[in-house]
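Coordinate analysis (summary)
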Amino acid sequence: MTLFRATVLDTPDSPFTGGVLRSEEDCAIVVDDGVIVARGPYAEVRTAHPGEEVLDLREGMILPGLVDTHVHFPQVRVIGGLGMPLLDWLDQCALPEEMRLADVEAARGIAKDFVTGLVDAGTTTALVFGSHFAGAVDVMFETADQWGLRVTTGLVTSDRILPEPLLTTPARAYAESAELAARWHGKDRLRYAVTPRFSLSASEAILESCGATFRDVEGSFFTSHVNENDAEIAEVARLFGGSSYVDTYAVHGLLNRRSVLAHNVHPTDAELATLAGLDASVAHCPTSNSALGSGLFPLRRHVEAGVRVAMGSDVGAGTGFSLLKEGLQAYFMQRLLGGEGLPLTSAHLLWLCTAAGADALALADTVGDLSVGKQFDAVWLLPEAGNPLAVGLGNARSADDALSKVFALGTTSDIGGVWVGGDQIAAGRWHRPRRA
Ligand code: GUN
Ligand code: ZN
């Protein structure tokens with residue numbers, strides 16, 4: 001057992017429904033076999049646990065591990081391709097790079113770069129958009145397992161419009177997905193996600209095959225893109241005979257409590273009602289939406305319709321792995337929406353980057369906050385003495401104010417340690433794969 005002594009900030013209850021930031025100075029968290037077994041004021045908890053080793057992390061603060069609900073593994077090396085809207089960016093930046101993953105050795109290097117990016121950003125749980133190549137997805141699962149990250153991912157499938165090497169058939173997609181799921185789904189912290197790229201590149205036949213995989217792999221997840229860009233949406237409507245974008249997935253049984261659709265920047269009210277009714281979640285990816293000029297996410301409409309929303313970095317259209325940056329950009333975009341925007345506090349931002357993600361991924365019983373009974377997935381924010389974040393924290397008026405400064409100023413360089421299930425997997429520039 002280990003006793004962690006720190007200032008701890010988390011959001012066990014949603015600020016969208018009255019929850020507030022929970023902040024405890026000089027808090028003790030006792031972790032046994034990865035699980036938080038006691039928590040409270042240090043003096044009290046120490047009396048009850050006099051013999052445990054104490055890890056003194058009082059400098060800086062501890063937050064729950066960050067949860068990224070939409071991030072593309074094959075795109076880590078093309079982050080930063082600015083100046084294009086979605087479909088041009090796919091043609092010129094993303095898809096040429098994604099074809100390189102046909103080579104498993106290339107995929108291995110990319111998976112390592114990708115997981116390093118997640119860990120350095122303090123992301124401990126992720127719904128990862130995989131590769132079109134089964135060998136590369138296998139490598140992604142293997143790499144995530146070595147590091148001990150909580151990763152849900154799967155084979156990306158498409159059977160039209162994309163370059164030929166990225167295409168498959170419904171039968172092959174089903175067979176390869178079944179094989180990957182048999183090997184990885186439910187192993188350690190890994191789960192399978194059925195992943196048609198988007199309806200633009202998916203015929204009815206391949207969406208039907210995805211529906212079969214989703215039904216047949218018990219407890220699997222579904223993820224894809226929806227309503228991201230005006231030109232994309234118009235083309236999907238044309239290809240599907242005027243169907244709504246959300247319905248292209250719903251009619252194949254792809255939307256339920258284990259479904260996460262990325263973007264949804266331009267939904268109709270009927271689509272929001274469908275998502276709420278089917279209990280599906282949306283991954284909001286604000287730096288991607290900004291970089292591609294996709295639009296301003298209607299968060300208020302999602303919240304009012306009762307659609308669950310969490311955060312995604314959408315690397316590589318998104319501009320990096322930091323969910324702190326995504327949180328800040330989400331805040332900016334709601335400000336820019338004026339009266340239609342939803343004003344966000346730092347507690348909303350922390351919720352969106354942690355517990356909301358855990359909830360979207362049906363992991364709220366396991367991670368998302370630092371309550372007794374949860375796994376100890378945590379990030380230690382430790383800004384270098386004298387940097388603007390350290391100065392800001394030293395002069396914060398309250399815990400909410402300190403957390404605002406974390407979102408405004410925090411970067412991946414401010415992350416001093418990362419734990420998953422009680423295992424420390426990073427300390428500054430040092431990383432420890434669980435099994436090398
Ligand atoms: N829609 C289909 N593929 C992609 C992708 O790779 N990135 C984004 N942002 N949108 C997509
Ligand atoms: Zn995406």
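Residues numbered from 1 in each chain as written. Chains lettered and ligands numbered in written order. Predicted model: local features only at pLDDT ≥ 70, side-chain atom pairs only at ≥ 80, totals over all residues.

Brief notes about the overall build of the chain
We count it as follows: Helix and strand assignments come from DSSP, with helices taken as H or I runs of at least 4 residues and strands as E runs of at least 2, each series counted from the N terminus. What the globule rule says is 2.2 Å times the number of residues to the power 0.38, and the radius of gyration is computed from C-alpha atoms. Our contact criterion uses C-beta atoms placed from the backbone: two residues qualify when those atoms are within 7 Å.
Along the chain, the regular secondary structure elements total 16 helices and 18 strands. Its C-alpha atoms give the chain a radius of gyration of 21 Å, near enough to 22 Å, the size a compact globule of 436 residues would have. Each principal axis of the C-alpha atoms in the chain carries an extent, and together these give about 65 × 50 × 35 Å. When contacts within the chain are restricted to residue pairs at least 6 apart in sequence, long-range pairs at least 24 apart make up 75% of them.

Things to note about the domain arrangement of the chain
Under the convention used in this document: Domain delimitation in this document rests on an assignment produced automatically or drawn from a domain database.
Domains assigned within the chain are domain 1 (2-64 + 370-431) and domain 2 (66-360). Just the C-alpha atoms count here: the centres of domain 1 and domain 2 sit 29 Å apart. At the level of secondary structure, the elements contributing two or more residues to the side of domain 1 that touches domain 2 comprise β1 (2-10), β5 (61-64), α16 (399-409), β16 (415-420) and β17 (423-427). Per-element accounting of the side of domain 1 that touches domain 2 gives the leading share, 6 residues, to α16.

Observations concerning the site of ligand 1
Using the following cut-off: Any residue whose backbone-placed C-beta atom lies within 6 Å of a molecule or strand is treated as near that molecule or strand. Gly counts as polar in this scheme, as do all residues outside two lists: the nonpolar Ala, Val, Leu, Ile, Met, Phe, Trp, Tyr, Cys and Pro, and the charged Asp, Glu, Lys and Arg.
Neighbouring ligand 1 are H72, L86, L90, A94, R197, F198, H225, E228, S288, D314 and A317. Among the elements that line the shell around ligand 1, the one with the most residues is helix α2 (residues 86-99), at 3 residues. Taken together, the residues of the shell around ligand 1 sort by class into 5 nonpolar, 3 polar and 3 charged.

Description of the packing of helix α12 (residues 323-336) against α16
As a reminder, the rule being used: Between N-to-C directions, angles cover 0 to 180 degrees, with each direction set by a line fitted to C-alpha atoms, over the stretch in contact for helices. Any angle between 65 and 115 degrees counts as roughly perpendicular, while under 35 counts as roughly parallel, over 145 as roughly antiparallel, and the rest as oblique.
The contact between α12 and α16 brings their axes to 7 Å, and the two run at 100°. For the element pair α12 / α16, the angle class is roughly perpendicular. The residues of α16 that touch α12, namely those facing L324, G327, L328 and Y331, are V406, F407 and A408. Each residue belonging to the contact of α12 with α16 can be placed in one class, and the counts come to 6 nonpolar, 1 polar and no charged.

A short note on the pairing of strand β2 (residues 22-32)
Definition in use: A strand pair is defined by DSSP finding two or more bridges across the two strands.
By the bridge criterion, 8 bridges tie β1 to β2 in an arrangement that is antiparallel. From the neighbouring strand, L3 faces β2, where its bridge partner is V30. When β2 meets strand β3 (residues 35-41), the two strands line up antiparallel, connected through 6 bridges. The partner of D32 across the bridge, within β3, is V35.

Focus: the pairing of strand β11 (residues 221-226)
Rules: Note on burial: count the other C-beta atoms lying within 10 Å of the residue's C-beta; 20 or more is buried, 12 or fewer is exposed, in between is partly exposed, and C-beta positions come from the backbone. A crossover counts as right-handed when, viewed with the strands pointing away from the observer, the path leading from the first strand over the helix to the second turns clockwise.
Summarising burial for β11: 6 of the 6 residues are buried, a large majority. Residue alternation in β11 divides its side chains into two sets, F221, T223 and H225 and F222, S224 and V226, and both sets are buried. Bridge count between strand β10 (residues 190-196) and β11: 2 bridges; the pairing is parallel. The residue of β11 that forms the bridge with V194 is F222. Crossover connection from β10 via helix α6 (residues 204-216) to parallel β11: handedness right-handed.

Quick notes on the environment of V76
By secondary structure assignment, the location of V76 is in the loop between β6 (66-72) and α2. When neighbours within four sequence positions are excluded, V76 is seen to be in contact with I110, D113, F114, G117, V315 and G316.

What to know about helix α9 (residues 269-278)
Residues three or four positions apart in an α-helix share a direction because the helix packs 3.6 residues into each turn. In plain terms, the rule: Here the arc refers to the directions that run from the helix axis out to each C-beta atom.
Within α9 the residues assigned to the buried category are E271, L272, T274 and L275. Around the axis of α9, the buried residues are gathered within 160° of arc, so they sit on the same side. Set apart from the buried face of α9 by more than 90 degrees, the exposed residues are D269 and A270. Looking at the buried residues of α9, the elements they touch are α8 (245-250), β13 (281-284) and α11 (299-305). In the segment just after α9, D279 is the residue with positive phi, at about 70°.

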